[in-house]
Amino acid sequence: MSIPSALKLGLAKVFAYALLALLLIPAVTYVFAGYAQREQDTRFVEGISQRIDADKRLPSAEKQARKDYYRSNPPSTICNSTDPEAQDYRAAMCERYGDVWQFNMARTVSLGALVASGVLLVAVLGLGALAFVDRKMQYASFVTGWHLTTWASAASLVVQGAMAVWLSFWVTAVFFHQYSPKPIIVVGLAVAAGVFVAVAGIFKRVQSDSRAVGELVSEADAPMLWKRIRHMAQRLKTDPPQHIVAGIDANFFVTEAPLTVGDKTLAGRTLFVSLPLLRVLDQTEADAVFGHELAHLRGGDTQSSARLGPKLVQFDHYRHAIRTGGLSAVVSPVLDLYRTIFEFALARDSREREFKADRIAAKLVSPAAIAQSLVKIAAYAQYRDKIEDELFGRNDRHDNTSLGIAGFVAYGLTPYAASDDFLNAMKTANVPHPFDSHPAMPERLRNVGMPLKEHDYSAIAVRKPAATWVQEILTADAIEQRLWSDYEQQFAQDHERSLAYRYEPANDQERALVLQYFPPVVFALKGADTVEVSIDGIKTSADDTTVFWDAVKALEFKESSFGNALVVTHPEKGMMGAKTTKIKLPGLKKDKDAFNATVGIYWHRHQIMRAHQLEA
């Protein structure tokens, strides 16, 4: 699989960030410690030379010999000397935790960190390369890389954190001959918090919960369909699914991972079938889709995904915890690098699996059947997305009871298939799938030996099936009715909430909807005063003024022993730079987090609303 230049650039950036994350602080420590040692050596040699010159008992030759000795054996090197005559010199200069000892240790530890970081990068690249070799190697490679990168990132954070604390003292001491305990304490606490996040994340276990919206189809509900699936599985010499789930999503898939459907968790092999798609596919075309999915079961694809999937979820949760854990974010690029490399390997393997499953389906049913099914599925999915985008983009509320998405798609697909938009979309279309990144459809058609011309797409997409498998599912109509009702009700609710973000509002009806989701929130201040956060802005009762959201460019909450305050930076300039307003919040203590969260949400709503107006 050729990697596009944009992805290559992205990988190069991740690699560069990983280099910085691993090498920057150790390199700075190594260079700084070397500089400090040279400065220390210079001061020591100058001082000892002055003392030697001041000793009138020593002859000139002895003075020169002693000065030459100290120049050749400054404090930075004497601690590693084994000369027995320098024992007293070493004892005086190399006391544990003394200045000379610290600089030597900083150089040693930072150099070791640089070497260890280089080894870690080589190991990450090597383990990533193993994932490209063979699917069986992917699981072992990822688990090994998972443990290596998580523990290595935690260890790196400890070591680099110690360096950062050490630097926060010595940088000011060396360059300014003074030190401030405040940065040392701040850096130390940040390091401790980051280390806690990293170590806690290693031991945290995350539940991997795969869900599907649908209903089980028993053998009594669809005896002929079950018989057909089992017959095809027998021909492919693989065990058939134990469960068939019918839904309204525009895809088909199989899985061997635990799958939650409603209030049940299904174990074993599960086949998900799309009822809307089964209505547009004739039985032969649907058989080709079933053959494709069963090929994944035979090839071990689903078993591999079931083993690897939870590990990927665990690793991604750890990456998120590290990235959002304050100082721990310093080491997140190392984790991102390994995950990115592994994702490339998974994508390449996914393409190969899809091509192989298509060829098996073509052999099991026919090349024409799998090609036609791919076109119909892609056409339906793309048009349905188009309809839903248009419905969601409307600025009027929808009726919660009936949106009629299925009807819109059924009646509009034929004219859409004759449009230029359809032809352009089909050239790069892929078939939707919840677990894998599928190749573009034209590549899949060539893979099964059925490359199609542009005018073929439209004819296939609108071709009515003579007989479908939906007709053999006794509960299909009832299942679809229930699922579409729930889906459209949720769609309408999500759309209504989006309108609460889009409306300014411009009239009473719009204002009522916005206030339904964003009512004014009042926080008590000192005495009888209050501060109110609303869709209009922030209002305090102390001076009865409102800072409107359009007058806000930035917000900063400041805590003080004299009373908390919210500093508002305005878009316009003031006499001395940025114009600001200070909203005093005396007495706002235990509610400060809730206040800040509310202010952030309401200001974010206002920004989305203004951006939507500009787009419109």
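Scope of this entry: the structure provided in the associated data block.

**Overview of the overall build of the protein**
So, step 1. Per the secondary structure count, the protein includes 20 helices and 14 strands.
So, step 2. For the protein, whose C-alpha radius of gyration is 34 Å, the value lies well above the compact-globule estimate of 25 Å for 616 residues.
So, step 3. In terms of its C-alpha atoms, the protein occupies a principal-axis envelope of roughly 115 × 70 × 45 Å.
So, step 4. Within the protein, the fraction of its 616 residues that count as buried is 43%.
So, step 5. Restricting to contacts in the protein with at least 6 residues of sequence separation, those with at least 24 account for 69%.
So, step 6. Per element, the accessible surface of the protein, about 32,100 Å² overall, is 56% carbon and sulfur.

**A word on the pairing of strand 9 (residues 530-533)**
So, step 1. In strand 9, alternate side chains face the same way, and those of Val531 and Val533 are buried while those of Thr530 and Glu532 on the opposite face are not.
So, step 2. For strand 8 (residues 521-524) and strand 9, the ladder comprises four bridges, and the chain directions are antiparallel. Bridge pairing in strand 9 links Phe523 to Val531.
So, step 3. Looking at chain direction, strand 9 and strand 10 (residues 537-540) are connected through three bridges and run antiparallel. Across the sheet, residue Val533 finds its bridge partner in strand 10, namely Ile538.

**Describing the side chain of Ser49**
So, step 1. With respect to the element layout, Ser49 can be found in helix 1 (residues 5-54).
So, step 2. A polar atom in the side chain of Ser49 sits 2.7 Å from the backbone oxygen of Val45.
So, step 3. With residues near it in sequence (within four places) discarded, Ser49 still touches Lys67 and Arg71.

**Remarks on the side chain of Thr29**
So, step 1. Counting through the fold element by element, Thr29 comes out in helix 1.
So, step 2. Here Thr29 falls in the buried class, since its relative accessible area comes to 1%.
So, step 3. The contact partners of Thr29, leaving out residues within four places of it in the chain, are Ala106, Ser110, Met163, Trp166 and Leu167.

**So, the nonpolar core**
Side chains of nonpolar character tend, in soluble globular proteins, to be buried together.
So, step 1. With 69 residues, the main nonpolar core has Phe252, Leu278, Phe290 and Phe422 as its most contacted residues.
So, step 2. For this core, the leading source of residues is helix 13 (residues 367-393), giving 13 residues.
So, step 3. Beyond its immediate stretch of four places on either side in the chain, Phe422 contacts Ala379, Tyr416, Ala417, Tyr457, Ser458 and Ala461.
So, step 4. Ala18, Leu312, Leu337 and Leu346 belong to the second largest nonpolar core, which has 28 residues in total.

**A look at the packing of helix 10 (residues 283-298) against helix 13**
Between two packed helices, both the angle of their axes relative to each other and the distance between the axes serve to describe the pair.
So, step 1. It is at 8 Å that the axes of helix 10 and helix 13 come closest, and there the two elements cross at 95 degrees. On the basis of the axis angle, helix 10 is roughly perpendicular to helix 13. Taking contact as the criterion, the partners of Thr284, Glu285, Ala288, Val289 and His292 in helix 10 are, on helix 13, Ala369, Ile370, Gln372, Ser373, Lys376 and Ile377.
So, step 2. The residue inventory of the contact of helix 10 with helix 13, partitioned by class, reads five nonpolar, four polar and two charged.

**Quick look at the state of the cysteines**
So, step 1. Scanning the entire structure with this criterion turns up one disulfide.
So, step 2. Disulfide pairing is shown between Cys79 and Cys94; the S-S distance is 1.9 Å. On the S-S bond that ties Cys79 to Cys94, the torsion sits near -100 degrees, and the link is left-handed. Here the residue Cys79 occupies a position in the loop between helix 3 (75-78) and helix 4 (87-93), and Cys94 occupies one in the loop between helix 4 and helix 5 (99-133), the gap between them amounting to 15 residues.

**So, the sheet that holds strand 1 (residues 210-211)**
So, step 1. Pairing in this open sheet of three strands is mixed, and the strands run 1-5-6 from one edge to the other. Two strands in the sheet have a free side with no partner beyond their single neighbour: strand 1 and strand 6 (264-266).
So, step 2. As judged from the two bridges shared by strand 1 and strand 5 (residues 259-261), these two strands associate in the parallel manner. By the bridge assignment, Arg211 is partnered in strand 5 with Thr260.

**What about the pairing of strand 11 (residues 545-548)?**
So, step 1. Across four bridges, the pairing between strand 10 and strand 11 is antiparallel. Along strand 11, the bridge assignment pairs Lys539 with Thr546.

**Focus on the packing of aromatic side chains**
Each aromatic ring pair is specified by the distance between its two centres and by the angle formed by the two planes.
So, step 1. A full pass over the atoms with the stated rule returns 29 aromatic pairs.
So, step 2. Pairing Phe32 with Phe175 gives two aromatic rings, centres 5.9 Å apart and planes at 50 degrees, and the pair type is tilted. Taken together, the residues span a long stretch of sequence, with Phe32 in helix 1 and Phe175 in helix 6 (residues 135-176) at a distance of 143 residues.
So, step 3. According to the relative accessible area criterion, Phe32 is buried, its value standing at 7%.
So, step 4. An angle of 55 degrees between the planes, with centres 6.4 Å apart, marks the rings of Tyr69 and Tyr89 as tilted. Separated by 20 residues along the polypeptide, Tyr69 in helix 2 (residues 60-72) and Tyr89 in helix 4 bring together distant segments of the chain.
So, step 5. The class for Tyr89 is buried, based on a relative accessible area of 10%.
So, step 6. Members of the aromatic cluster, connected to one another through ring pairs, are Phe32, Tyr35, Phe103, Trp166, Phe169, Trp170 and Phe175.
So, step 7. If you follow Arg96 out to its NZ or CZ, it ends over the ring of Tyr97, 5.8 Å from the centre.

**Looking at the sheet that holds strand 3 (residues 243-247)**
So, step 1. Taking strand neighbours across the sheet as the criterion, the four strands line up as 2-3-7-4 in an open arrangement whose pairing is mixed. In the strand order of this sheet, the two ends are held by strand 2 (215-216) and strand 4 (253-255), each with one partner.
So, step 2. Direction of pairing for strand 4 relative to strand 7 (residues 270-274): antiparallel, over a ladder of three bridges. Looking across to strand 7, one finds that Phe253 is bridged to Phe272.
So, step 3. Along the sheet, helix 10 makes contact with strand 4 and strand 7, crossing strand 4 at roughly 20 degrees.

**A word on the pattern of salt bridges**
So, step 1. Inspection of the entire model under this criterion finds 28 salt bridges.
So, step 2. Residue Arg339 is joined to Asp316 by a salt bridge in which the shortest nitrogen-to-oxygen separation is 2.9 Å. One end of the pair, Arg339, is in helix 12 (residues 332-364); the other, Asp316, is in helix 11 (residues 301-323), with 23 residues separating them in the sequence.
So, step 3. Owing to a relative accessible area of 11%, Arg339 belongs among the buried residues under this scheme.

Calculation notes
- Residues numbered from 1 in each chain as written.
- Predicted model: local features only at pLDDT ≥ 70, side-chain atom pairs only at ≥ 80, totals over all residues.
- Heavy atoms only, no water.
- Helix = DSSP H or I, 4+ residues; strand = E, 2+ residues; numbered from the N terminus.
- Rg over C-alpha atoms; globule rule 2.2 N^0.38 Å.
- Buried < 20%, exposed > 50% of the residue type's maximum accessible area, 1.4 Å probe, protein only.
- Contact = heavy atoms within 4.5 Å.
- Areas by Shrake-Rupley, 256 points an atom, 1.4 Å probe, with all protein chains shown as cover.
- Pairing = 2+ DSSP bridges.
- Polar contact = N/O pair within 3.5 Å; in protein donor to acceptor, adjacent residues only side chain to side chain.
- Core = buried A, V, L, I, M, F, W, Y, C linked by side-chain atoms within 4.5 Å.
- Axes fitted to C-alpha atoms, helices over the stretch in contact; angles between N-to-C directions.
- Parallel < 35°, antiparallel > 145°, perpendicular 65-115°, else oblique.
- Nonpolar A, V, L, I, M, F, W, Y, C, P; charged D, E, K, R; others polar.
- Disulfide = S-S within 2.5 Å.
- Phe/Tyr/Trp six-rings, centres within 6.5 Å; stacked < 30°, edge-to-face > 60°.
- Lys NZ or Arg CZ within 6 Å of the ring centre and 35° of its normal.
- Salt bridge = Lys/Arg side-chain N within 4 Å of Asp/Glu carboxyl O.

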